[in-house]
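Next come the chains, spelled out residue by residue.
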Amino acid sequence: MRLLQFLILGVFFGFILSKAEIVSWYRIQEMFRFQDFHMYGVIGSAVVLGVIIVALMKRTNMKNVDGLEITFKPKDKRLFRAIAGGTIFGIGWALTGACPGPMYILIGNGVTVFVVVLAAAILGALTYGAIHKRLPH
């Protein structure tokens, strides 16, 4: 029953993203070409809202759905890794026109070519899972 609640919430969230044109390939391309502020406004609003919510979570010792206290671990301070990972993610996003979340929404909207993109993303995740112990983390 609990998983059904999350599924319904995810479908609702996907509907909202779809109607707001956040998953639109054209909107994403406009963003990467610096032609429109739409996506930057959405992403910037999400960052500001995220900062506020994390600050509230830290102040109020909020608990997760299982009743466990939410803790925050310090992030890795090696900047090169963040830049390299962000660059790879950004290149994939620019080439496909979608980051991981909207891929599902686009498939649900009937843009079936994204099945190939989803398969490639899954293959990439499986490849990382197979070799991550040999990587210099």
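The present account deals with the structure reproduced in this document. (Residues numbered from 1 in each chain as written. Predicted model: local features only at pLDDT ≥ 70, side-chain atom pairs only at ≥ 80, totals over all residues. Heavy atoms only, no water.)

### Observations regarding a nonpolar patch on the surface
Together, L3, F6, L9, F12, F15, I16 and V65 make up an exposed nonpolar region whose accessible area comes to about 770 Å². Among the structural elements, L3 can be located in helix α1 (residues 2-19). (Patch = residues over 30% accessible without salt bridge, like charges linked within 9 Å, V, L, I, M, F, W, Y side chains within 5 Å. Areas by Shrake-Rupley, 256 points an atom, 1.4 Å probe, with all protein chains shown as cover. Salt bridge = Lys/Arg side-chain N within 4 Å of Asp/Glu carboxyl O. Helix = DSSP H or I, 4+ residues; strand = E, 2+ residues; numbered from the N terminus.)

### Some points on unusual backbone geometry
Positive phi, close to 65°, is recorded for E21, a residue that is not glycine. Positive phi outside glycine occurs at N61, with the angle close to 50°. Within the secondary structure, N61 sits in the loop between α3 (38-60) and α4 (79-96).

### Some remarks on the packing of aromatic side chains
For the coordinates displayed, the defined rule picks out three aromatic pairs. Their ring planes at 90° and their centres at 5.3 Å tell us that F32 and W93 sit as a pair that is edge-to-face. A residue pair is termed long-range when its members are at least 10 positions apart, and F32 in helix α2 (residues 25-32) and W93 in helix α4 qualify at 61 residues. With centroids separated by 6.0 Å and ring planes inclined at 55°, the aromatic side chains of F89 and W93 adopt a geometry described as tilted. Of this pair, F89 and W93 both sit in helix α4, four residues apart, which is roughly one turn of the helix. Through a chain of ring-to-ring contacts, the aromatic side chains of F32, F89 and W93 assemble into a single cluster. The ring of F72 carries the charged tip of K58 above its face, separated from the ring centre by 5.2 Å. (Phe/Tyr/Trp six-rings, centres within 6.5 Å; stacked < 30°, edge-to-face > 60°. Lys NZ or Arg CZ within 6 Å of the ring centre and 35° of its normal.)

### Some points on the nonpolar core
Grouped together as the largest cluster of nonpolar side chains are 15 residues, with contacts concentrated most on M103 and F114. Listed by contribution, the elements that provide at least two residues to this core are α2, α5 (100-108) and α6 (114-131). Sequence-distant contacts of M103, that is, excluding residues within four places in its chain, are made with A98, F114, V117, L118 and A121. (Core = buried A, V, L, I, M, F, W, Y, C linked by side-chain atoms within 4.5 Å. Buried < 20%, exposed > 50% of the residue type's maximum accessible area, 1.4 Å probe, protein only. Contact = heavy atoms within 4.5 Å.)

### Side note on α4
Over its 18 residues, α4 runs 26 Å from end to end, which matches the ideal 26 Å to within 8%, given 1.5 Å per residue. Phi turns positive, to about 85°, at G97, one or two residues after α4. (Expected span 1.5 Å × (residues − 1).)

### Here we look at the packing of α2 against α4
Interaxial distance between α2 and α4 falls to 9 Å at its minimum, and their mutual angle equals 130°. Between α2 and α4, the interaxial angle falls into the category oblique. Considering only the axes of α2 and α4, their crossing is left-handed. Packed against α2, whose contacting residues are W25, I28, Q29, M31 and F32, the element α4 presents G90, W93, A94 and T96 at the interface. Of the residues that constitute the contact of α2 with α4, the class distribution is six nonpolar, three polar and no charged. (Axes fitted to C-alpha atoms, helices over the stretch in contact; angles between N-to-C directions. Parallel < 35°, antiparallel > 145°, perpendicular 65-115°, else oblique. Left-handed = near helix turned anticlockwise from the far one by under 90°. Nonpolar A, V, L, I, M, F, W, Y, C, P; charged D, E, K, R; others polar.)

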